[in-house]
Amino acid sequence: MVTRDDFKSHLYAEILNAVDRGDEDILNDGIAAAEAEAMGYLSRYDVDTLFAEQGEDRDNKLLLSIKDITVWHFIVLGNPATDVQLRKTRRDEAIAWLKDIQSGKVVPRGWPPAIEEGVDQLFHISSAPKRPTRW
């Protein structure tokens, strides 16, 4: 889903090169960790389809969140000239958005639901809190 070129919006090429020092596996490991982390929150959806999208077919908000999480994992390896607090804040916001999706507060438009026989995972039931009654 995410490629090295996608990080032009998040990190300068010099910073990418300074951290990975020519070893592209470092960024690839960060991408894999971020995608796995995000998939854990998106079990209601067909993550194989979502994460297989390429180019313009990718969901922009999901892509942004994956990049924010990836940059956090990537920057932890080294800290050349970047605002760690900003990156941590962006990562925390991305995780909060994924948790909102997981809880059903946010339902992304057009995402394919996970198909499981006999289970409707997009259906959620809750009730009002129990209130004491005095007669």
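Above this text sits the structure in question.
In what follows, the accompanying structure is described. Just so we're clear, the structure is a prediction, and the values are computed from it rather than from any experiment. (Residues numbered from 1 in each chain as written. Predicted model: local features only at pLDDT ≥ 70, side-chain atom pairs only at ≥ 80, totals over all residues. Heavy atoms only, no water.)

Observations regarding the packing of helix α2 (residues 25-41) against helix α4 (residues 60-75)
Direction vectors running N to C along α2 and α4 enclose 130°, while the axes themselves pass 8 Å from each other. One way to sum up the angle between α2 and α4 is to call them oblique. Here the hand of the crossing between α2 and α4 comes out right-handed. Counting all contacts with α2, which are made through Ile26, Leu27, Gly30, Ile31, Ala33, Ala34, Glu35, Glu37 and Ala38, the residues of α4 involved are Ile66, Ile69, Thr70, His73 and Phe74. Per-class residue counts for the contact of α2 with α4 are 9 nonpolar, 3 polar and 2 charged. (Axes fitted to C-alpha atoms, helices over the stretch in contact; angles between N-to-C directions. Helix = DSSP H or I, 4+ residues; strand = E, 2+ residues; numbered from the N terminus. Parallel < 35°, antiparallel > 145°, perpendicular 65-115°, else oblique. Left-handed = near helix turned anticlockwise from the far one by under 90°. Contact = heavy atoms within 4.5 Å. Nonpolar A, V, L, I, M, F, W, Y, C, P; charged D, E, K, R; others polar.)

Focus on the nonpolar core
Side chains of nonpolar character tend, in soluble globular proteins, to be buried together. Membership of the largest hydrophobic core comes to 30 residues, with the highest contact counts inside it found for Leu42, Phe51, Leu62, Ile66, Leu98 and Trp111. Broken down by secondary-structure element, the contributors of at least two residues to this core are α1 (13-20), α2, α3 (47-52), α4 and α5 (84-103). Per element, the largest residue contribution to this core is 7 residues, and it comes from α4. Each residue touching leucine 98, except ones within four places of it in the same chain, is listed here: Ala38, Tyr41, Leu42, Leu62 and Ile69. (Core = buried A, V, L, I, M, F, W, Y, C linked by side-chain atoms within 4.5 Å. Buried < 20%, exposed > 50% of the residue type's maximum accessible area, 1.4 Å probe, protein only.)

Some thoughts on the pattern of salt bridges
Under the definition given, this model contains 6 salt bridges. Of the charged contacts, one joins aspartate 6 and arginine 58 as a salt bridge, the two residues approaching to 2.7 Å between their closest N and O atoms. With aspartate 6 in the segment before α1 and arginine 58 in the loop between α3 and α4, this residue pair connects regions lying 52 residues apart in the sequence. Under the relative-accessibility criterion, aspartate 6 is labelled buried at 13%. For the salt bridge of aspartate 68 with arginine 90, the shortest nitrogen-to-oxygen distance reads 3.0 Å. Here the residue aspartate 68 occupies a position in helix α4, and arginine 90 occupies one in helix α5, the gap between them amounting to 22 residues. Its relative accessible area of 5% is what places aspartate 68 among the buried residues. Relative accessible area serves as the criterion here: at 27%, arginine 90 is assigned to the partly exposed category. Connected through salt bridges with shared partners, the residues Glu37, Lys88, Arg91 and Asp92 form a single ionic network. (Salt bridge = Lys/Arg side-chain N within 4 Å of Asp/Glu carboxyl O.)

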